[in-house]
Amino acid sequence: MTPAPLAARLRDPRGPLFFPVTAYGPGGALDLDAYRTHVRRGVEAGAAAVFAACGTGEFHALLPEEFEACVRAAVEAADGRVPVVAGAGYGTALAVRYARLAEAAGADGLLAMPPYLVLAGQEGLLRHYREVAAATALPVIVYQRDNAVFTPETVVELARTEGVIGLKDGLGDLDLMQRVVSAVRVEVPGDFLYFNGLPTAEQTQLAYRALGITLYSSAVFCFAPEIALAFHRSLHTGDLTVAHRLLDGFYGPFADLRAQGRGYAVSLVKAGVRLRGLDVGEVRPPLHEPADDHVKQLARLIERGQALLEGDA
Ligand SMILES: O=C([O-])C(=O)C[C@H](O)[C@@H](O)C(=O)[O-]
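Residues numbered from 1 in each chain as written. Predicted model: local features only at pLDDT ≥ 70, side-chain atom pairs only at ≥ 80, totals over all residues. Heavy atoms only, no water.

An unreviewed UniProt entry annotates the protein as Probable 5-dehydro-4-deoxyglucarate dehydratase of Streptomyces lavenduligriseus. Regarding the protein, the UniProt comment filed under Sequence similarities (unreviewed entry) reads as follows: "Belongs to the DapA family." Annotation of the protein in UniProt includes, under Pathway (unreviewed entry), the sentence "Carbohydrate acid metabolism; D-glucarate degradation; 2,5-dioxopentanoate from D-glucarate: step 2/2." (UniProt positions renumbered as here; feature names shortened; annotations may be inferred.)

Here is the structure:
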């Protein structure tokens, strides 16, 4: 049976969105076995979708052939149980190339990253994403962050673009997001999807829910799926007791720790996966490994989060 389109599969998800880290062996080469294990464990734990080779998966550090191998491995590991969305980025020509590689590797959709090393105006951004969307049959989620920040009018045009199904927000401007949601609701009524894609999105998810945005990425899911799932369940059921407890005792301190070093958004998450027993190797340059003391703090934090689930910390 052909699976439902990506947008339908992402509606009302049973778990957080999983952005796996990319695994490397001791010499720094891709370790696809470890990567498949990481993805398979996440899917079996209850991820709603796998976003392969995106920011957390060090998209920036992968050769095109490594990218394709990762996406193919994620598709194999997910085995049709949940959709696999792949990153696509850099300039327009390369983003198109990555999009086609992702399609060839069996991905169900694309997360279109901001264009590389250029500050473009709204018109140029629109041209860029239209070309990426036209390059394949894959549905596209546009990632707002850094140099790709959109006016509500541009998002309306994106929502009208064939193949563009949603916007992932990594900026965190709630006033802007409300304007975007309002403009798209009025101009392009339908099912355009929104994602809270801020770092440690759980920290802001109560606010995003109030805007009607229920989808969010979870870096914590990579290394502590039991904590990320308990948080997700708490929001889903509307009994916020566990969510509040985790925000106060786990997510806040985790976000603080993640802010201690440049690149910790990825390297600390990878350290967390290793702490939980899966050797996914170190991050590639220009990122660096977190300080030992920060990894120790992360280990204590994971224990604390687990204890909070029992309600006894
Ligand atoms: O591209 C990416 O990897 C992301 O934006 C997802 C991350 O999980 C993000 O939510 C984070 O870093 O917490």
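Participant: When you look at the nonpolar core in this model, what are you seeing that I'm missing?
Facilitator: Phe-51, Phe-67 and Phe-223 are the most contacted members of the largest nonpolar core, which has 112 residues in total. What Phe-67 contacts, discounting residues up to four positions off in sequence, is Ala-53, Phe-59, Leu-62, Ala-86, Gly-87, Tyr-98, Leu-101 and Ala-102. (Core = buried A, V, L, I, M, F, W, Y, C linked by side-chain atoms within 4.5 Å. Buried < 20%, exposed > 50% of the residue type's maximum accessible area, 1.4 Å probe, protein only. Contact = heavy atoms within 4.5 Å.)

Participant: Please explain the packing of aromatic side chains as it appears in this structure.
Facilitator: Aromatic rings in a pair are described by how distant their centres are and how their planes are angled relative to each other. Within the structure shown, the criterion is met by 16 aromatic pairs. Both rings, one in Phe-59 and one in Tyr-98, keep their centres 5.1 Å apart while their planes meet at 65 degrees; by these two values the pair is edge-to-face. Of this pair, Phe-59 sits in the loop between β2 (49–52) and α3 (64–78) while Tyr-98 sits in helix α4 (residues 92–104), placing them 39 residues apart in sequence. The residues Phe-59 and Tyr-98 share a single accessibility class, namely buried. Both rings, one in Tyr-216 and one in Phe-231, keep their centres 6.3 Å apart while their planes meet at 90 degrees; by these two values the pair is edge-to-face. Separated by 15 residues along the polypeptide, Tyr-216 in strand β8 (residues 215–218) and Phe-231 in helix α10 (residues 225–237) bring together distant segments of the chain. Across this residue pair, the class does not change: Tyr-216 and Phe-231 are buried. A connected cluster of aromatic rings, assembled from ring pairs, spans Tyr-216, Phe-223, Phe-231, Phe-250, Tyr-251 and Phe-254. (Phe/Tyr/Trp six-rings, centres within 6.5 Å; stacked < 30°, edge-to-face > 60°. Helix = DSSP H or I, 4+ residues; strand = E, 2+ residues; numbered from the N terminus.)

Participant: What is the right way to read the site of the ligand from this model?
Facilitator: Of all residues adjacent to the ligand, which total 13 residues, the nearest are Thr-56, Tyr-143, Lys-168, Ser-217 and Arg-258. Thr-56 is positioned with one of its backbone polar atoms (N or O) 2.6 Å from an oxygen atom of the ligand. Between Thr-200 and the ligand, the recorded distance is 2.8 Å, taken from a backbone N or O atom to an oxygen atom. Protein burial of the ligand: of its 340 Å² of free accessible surface, 95% is covered by the chains. Its residues placed into classes, the shell around the ligand shows 6 nonpolar, 5 polar and 2 charged. (Near = heavy atom within 4 Å. Polar contact = N/O pair within 3.5 Å; in protein donor to acceptor, adjacent residues only side chain to side chain. Areas by Shrake-Rupley, 256 points an atom, 1.4 Å probe, with all protein chains shown as cover. Nonpolar A, V, L, I, M, F, W, Y, C, P; charged D, E, K, R; others polar.)

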